[in-house]
Amino acid sequence: MEILTRPKLLFLDEPTSGLDSAASYHVMNRIAKLAHHDRRTVIASIHQPSSEVFELFHNLCILSSGKTVYFGLRSGAEQFFASNGFPCPTLRNPSDHYLRTINKDFDADIEQGGNGMNAEEAIDTLVKSYLSSLVYHQVQLQVSRISEKTVGGYMERNGSQASFITQSLVLTKRSFVNMYRDLGYYWLRLAIYIALCLCVGTIFYDIGSTYGSIQARGSMLMFVAAFLTFMAIGGFPSFVEDMKAITFSSMPYLLIISLIPGAIAYYLVGLQKSFEHFTYFASVLFACMLLVESLMMIVASIVPDFLMGIITGAGIQGVMMLNGGFFRLPDDLPKPFWRYPMYYISFHKYANQGFFKNEFEGLIFPNQMGGSPKIGGEEILRNYWQVEMGYSKWVDLAILLGMVVVYRLMFLGIIKAAEKMKPLVKNFRAESLNVPNISWRILRQRLNDTGS
């Protein structure tokens, strides 16, 4: 992902780990071409490179116990080891020879030098030889020249970074492919959604329009708004890099989950059969899933641990369900905190009211409570479910989509704030660790002055 920004200096920590020799070569060959094309510096730690991969490097730094054994041109390393009594055997991979020579873990199996040195002696010989070599002085001279160029200014940046749109498209494509290949990420969720909606459809099958169907309709719609969307916490991303790409790449999968299981539950139950009513139903379900994933992104940016994030997200959703207006009607909610502001913050309020308006408006039910023999859906919404009838169901959907945007902006703000705060926190910790040492040195110096 970092390559998209085209940095002038790129650090890679064992980029070939887990790859076979052929894949390792193609990866490193591609990186070498990028370095040459964009004139960038690539610093990579490499694990057991093949001879072909080793030859792709221009410079080589060999370390042992924090000491620099060699730092210079890769082509000059073989001559350096040979001149100090450690020639590379014929048909031996040079990188293997260098590592075995300076490996202290298996002293009995090292590449022995001319005088039968052990590894510790071999390392000391090579370190002293390097410090007095022409290669070392050339490196120091080059470092001094680079330092003089950057004093009082910034290093020159050639080339241009990939645009924000390009970065977004590449990351979205990568995330989309990863989701497609990951069986458990969305496909297993789709299967579970289908199974649950089959259960919902058969339990509430052909619900009819009796007086008892009023409560049954509300229960079914509440289950869809609350518990089906609750399962979207399964999309909890583990890494911030995935969260940046998941914003758009998850939408096709969520749309499929909204349409197929939604249609199964909707038509088995026998809700209003017009295409407009089903489209609205699927749209609210889709918006709720987007909203829950957005909420989980915020949780993931604050609580990066996977298990803790799942528990935190489930707890937040549980609170929202409780005061969404179904388990406790809006007029019965305690006004401090739960009615104002929690009831209006909970997205279940708008999902429930949107579903209820979409289903009950235009229906007529037999009245078993006395008075008129028939009762209209609007009256049920107003008196039975205490739904706010001052605006249409499309406003509820618009509020849900607006909450999605707000949650995504909150996530972006947290990510940017964390990127800026991390260096400050590290500097503060480093300074706080140095203060006791500095204070101790000052105290010791004063004691010495007093004693003298």
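Here goes a summary of the coordinates provided. In this text the structure is predicted, and so the values were computed from the model without any measurement.

1. Details of the overall build of the protein
Each helix and strand in the protein was counted, giving 17 helices and 8 strands. Scored against the burial criterion, the 452 residues of the protein give a buried share of 38%. Once local pairs closer than 6 in sequence are excluded, the contacts in the protein between residues at least 24 apart make up 70%.

2. Some words on the nonpolar core
Formed by 67 residues in total, the largest nonpolar core has its most connected members in F356, W385 and L400. Broken down by secondary-structure element, the contributors of at least two residues to this core are α8 (183-203), α9 (212-230), α11 (251-269), α12 (275-302), α13 (306-322), α15 (347-360), α16 (377-384) and α17 (393-451). Looking at this core element by element, the count peaks at 17 residues for α12. In this structure, L400 is in contact with V284, A287, C288, L291, F347, Y350 and A351, ignoring residues within four places of it in sequence.

3. Comments concerning the side chain of E359
With respect to the helices, strands and loops of the structure, E359 is situated in helix α15. For E359, a relative accessible area of 1% gives the class buried. Not counting chain neighbours up to four residues away, the residues in contact with E359 comprise R217, L221, Y266, L271 and Q272.

4. Description of the pairing of strand β1 (residues 9-13)
Here β1 shows one buried face, formed by L10 and L12, and one open face, formed by L9, F11 and D13. As defined by bridge partners, β1 adjoins strand β2 (residues 41-45) across 5 bridges and the pair is classed as parallel. Across the sheet, residue L9 finds its bridge partner in β2, namely T41. Viewed along the sheet, the connection from β1 through helix α1 (residues 21-38) into β2 turns out right-handed.

5. Let's talk about α15
With 14 residues, α15 should reach 20 Å at 1.5 Å per residue; the first-to-last C-alpha distance of 20 Å fits that figure. Taking burial as the measure, the 14 residues of α15 include 14 buried ones, the bulk of the element. Backbone nitrogen of H348 and a side-chain oxygen of the N-cap are separated by 3.3 Å at the start of α15; the cap is S346. Positive backbone phi, approximately 95°, marks G362, located one or two places after α15.

Thresholds, definitions, all that
Residues numbered from 1 in each chain as written. Predicted model: local features only at pLDDT ≥ 70, side-chain atom pairs only at ≥ 80, totals over all residues. Heavy atoms only, no water. Helix = DSSP H or I, 4+ residues; strand = E, 2+ residues; numbered from the N terminus. Buried < 20%, exposed > 50% of the residue type's maximum accessible area, 1.4 Å probe, protein only. Contact = heavy atoms within 4.5 Å. Core = buried A, V, L, I, M, F, W, Y, C linked by side-chain atoms within 4.5 Å. Pairing = 2+ DSSP bridges. Right-handed = clockwise from strand over helix to strand, strands pointing away. Expected span 1.5 Å × (residues − 1). Polar contact = N/O pair within 3.5 Å; in protein donor to acceptor, adjacent residues only side chain to side chain.

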